[in-house]
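Observations on the three-dimensional arrangement
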Amino acid sequence: MKLSANAIQLLEARYFLKNTEGRIVESPEQLFRRVAKHIASVEEDKDFWENRFYNLMAHLHFLPNSPTLMNAGLPNGQLSACFVLPVEDSLEGIFSTLKDMALIHQSGGGTGYNFSKLRPQGDRVSASGGTSSGPLAFIKVYDTATEQVRQGGKRRGANMGILNVDHPDIEAFITAKSKGDELQNFNLSVGILDDFMRAVQNDETWNLINPRNNKVTKTIRAKELWDLIISQAWATGDPGLIFLDTINKHNPLPKLGKIQSTNPCGEVPLFEYESCNLGSLNLSKMVKHENGIWQVDWKTLEHCVQVSMRFLDNVISANHYLLSQIETATKNNRKVGLGLMGWAELLAILEIPYASDKAVEMGEKIMRFIQAKSYETSEALAKERGAFPNWEESVFSPKTPLRNATCNSIAPTGSISVIADTSYSIEPFYALAYKRVGILENETQLEINPVFVSKMKKLGLWNESLKNEVLSTGSIQHLVTLPSEVRKLFETSLEIPWQYHLQHQRAFQKYTDNAVSKTINLSHETDTDTISEIYRTAWEYGLKGITVYRDGSKANQVLQACQLN
Ligand code: ADP
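A short tour of the structure in this document, coming up. (Residues numbered from 1 in each chain as written. Predicted model: local features only at pLDDT ≥ 70, side-chain atom pairs only at ≥ 80, totals over all residues. Heavy atoms only, no water.)

1. Side note on the overall build of the protein chain
The following threshold applies: Numbered from the N terminus, helices here are DSSP runs of H or I no shorter than four residues, and strands are runs of E no shorter than two. Only C-alpha atoms enter the radius of gyration, while the globule expectation follows 2.2 Å times N to the 0.38, with N the number of residues. Note on exposure labels: buried denotes an accessible area under 20% of the residue type's maximum, exposed denotes more than 50%, and partly exposed covers the range between, all computed with a 1.4 Å probe on protein chains only.
On a plain count of helices and strands, the protein chain comes out with 20 helices and 21 strands. Since a compact globule built from 565 residues should have a radius of gyration of about 24 Å, the 23 Å found for the protein chain is in line with a globular shape. Along the first, second and third principal axes, the C-alpha set of the protein chain runs to 75 × 60 × 55 Å. Considering the protein chain as a whole, with its 565 residues, one finds that 58% of them fall into the buried category.

As structure tokens, then:
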């Protein structure tokens, strides 16, 4: 098995089993064997499926989310990445969820919550005769706890904190990260309602409402609140937006109520106590060289979708659940999220520039195919194993029995794309030379994009001076002697107009029943009007959420374009 040096380093740091002295006792083959064996343990024909699952992972065609790779086969192995927990308006509720959060983080999972049920700061607390601290104070408590639990776990915990746009404390929430170094373990998103977007468009007033008694506490100009969101997103990257009405328009189980939150990176809207396990196909491997050109290998892709969907459905049965509420909610709906990584790499192999209509069309075509095959597989699994228990309550009843209430989800693949040695999720290449900071703590390995190198070699353009140029700038756009098609093909994230970032997100969201996690990366010079246009367009496009990041606007950046000077 051929893994990159970065992959091995990451596996050694966090994934391989270690003995009591901390010595690694596992090889990559043994890791994938351990996972395959455990996930196949719920099958009748265990050996057959173990081998299929093993091959799927060993070829790096598909990888499940990190907790599955880390914990499968271990006693009480918790395998899911995504959870949503309730935050009730009582001290008891707040702190019981805090405890659940700590357990989930310790196991490698991430948690999302909507804090909008909490009464605002300064509101009456009848039990004590005192006043409430408000949602923000409790978000800080959760953040601090996350910071401490992280030391025991394998990676730092991740949270999504949502506050609805009509909550009285919304202004404090929007500005919560204004100093830049606060709430580092939280992504913050404003829960947006369609009525608010219309109020902004028509420059109308907007009511803030106390959730305790439904009384209006304040009436403001919607546009003022919008401008505050935009200026903060410009300055710090937070808050993002979660479009709650759009999410609920596509909720497959509306009879169970409204969905109020997503997991930390936004790709899975979930009911309270639901969890979801994810997995990602590696598109850079779904290619074949035929008649002198590289093409998508649809047959391999179809096969991989089928085996991956079965894998993910098995995870629900083979999982160890930390709480009985999570087990019940998860097993009733059996949500899974099959997504992908290596999109930019696939495009480069096919010689299609990311910033082109052809790429956007190809994105739709690929995701439409993955979704269709995922649903076919879920239907076949329902025939074999029965539909998910809440199926009769779902929008699929009475026509189509399905094994899973949702099938697809596009995760950031922050770690598993390093293991698979490909580009993140549906993101464009961040830079042609970069170091991955934060993924491999303390390490700042310099990488030059291997697809770029091999392309340059094939064209006879690779030489020491090009290498040095790329190492010092991470880009080739300034090298005007290079053919323009080559430069266009290797445009990087900040060089790609935001319109194309958003069009890719829309293309994939169109055929993703859950959501798409994507960061719209922007140059440092981007102004607030542009951010406003991006956020508004995201809503008009029917996206479920939106996140921007303006280069240099926050201290902690996961990927940094390399700067040697
Ligand atoms: P990976 O590549 O490790 O499988 P992703 O970057 O695709 O993970 O993230 C998928 C989901 O996993 C996130 O949305 C979040 O729910 C969870 N997650 C990611 N990173 C962390 C973390 N450091 N701690 C806890 N949960 C995380």
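2. With respect to the site of the ligand
As a reminder of what qualifies: In this text, near means that some heavy atom of the residue lies within 4 Å of the molecule or strand in question. Definition of a polar contact: a pair of N or O atoms within 3.5 Å, with one able to donate and the other able to accept a hydrogen when the atoms are protein atoms, and with sequence-neighbouring residues admitted only if both atoms are side-chain atoms. Every accessible area reported is derived by Shrake-Rupley at a probe size of 1.4 Å, with residue values counting cover from the shown protein chains alone. Note on residue classes: Ala, Val, Leu, Ile, Met, Phe, Trp, Tyr, Cys and Pro are nonpolar, Asp, Glu, Lys and Arg are charged, and everything else, Gly too, is polar.
Residues in close proximity to the ligand total 22 residues, the closest being Ser66, Arg156, Glu267, Thr413 and Gly414. Interatomic distance of 3.1 Å between a backbone N/O atom of Ala81 and an oxygen atom of the ligand. Burial of the ligand by the surrounding chains reaches 92%, relative to a free accessible area of 550 Å². Tallied by class, the residues present in the shell around the ligand amount to 9 nonpolar, 10 polar and 3 charged.

3. Re the nonpolar core
For clarity, the cut-off: Residue types Ala, Val, Leu, Ile, Met, Phe, Trp, Tyr and Cys, when buried and joined through side-chain atoms within 4.5 Å, form a set referred to as a nonpolar core. Should any heavy atoms of two residues lie within 4.5 Å, those residues are counted as being in contact.
The biggest cluster of nonpolar side chains holds 163 residues, and the ones touching the most others in it are Phe196, Trp343, Phe452, Ile476, Phe490 and Tyr535. Excluding residues within four positions of it along the chain, Tyr535 makes contact with Trp226, Ile229, Ile230, Ala233, Gly237, Pro239, Gly240, Leu241, Phe243, Ile546 and Val548. Counting residues in hydrophobic clusters, the runner-up holds 8 residues, among them Ala81, Cys82, Cys276 and Leu278.

4. What about the pattern of salt bridges?
The line we're drawing: Counted as salt bridges are all cases of a side-chain nitrogen of Lys or Arg within 4 Å of a carboxyl oxygen of Asp or Glu.
With the rule as written, the count across this model stands at 31 salt bridges. Notably, a salt bridge pairs Arg403 with Asp313, separated by 3.0 Å at the nearest N-O pair. Placement of Arg403 in the loop between α14 (357-385) and α15 (416-419) and of Asp313 in helix α11 (residues 298-318) is noted, with a sequence separation of 90 residues between them. A residue is classified by how much of its surface remains accessible, and Arg403, at 10% relative accessible area, is buried. Bridged by salt links that share partners, the residues Glu43, Arg310, Asp313, Arg334, Glu384, Arg385 and Arg403 form one connected network.

5. Side note on the packing of helix α8 (residues 194-201) against helix α20 (residues 528-540)
Inclusion rule: Structural elements are reduced to axes, namely lines fitted to C-alpha atoms, with helices fitted over the stretch in contact, and the angle between N-to-C directions of any two is expressed from 0 to 180 degrees. Orientation categories follow fixed angle ranges, with anything under 35 degrees roughly parallel, anything over 145 roughly antiparallel, 65 to 115 roughly perpendicular, and all other angles oblique. Each helix crossing is assigned a hand: it is left-handed if the near helix lies turned anticlockwise from the far helix by less than a right angle, otherwise right-handed if that turn is clockwise.
Look at α8 against α20: their axes get within 12 Å of each other, and the N-to-C directions meet at 130°. Our classification of the angle between α8 and α20 gives oblique. Crossing handedness for the pair α8 and α20: left-handed. Note on element contacts: α20 touches α8 through Arg536, Trp539 and Glu540, opposite Asp194, Met197, Arg198 and Gln201.

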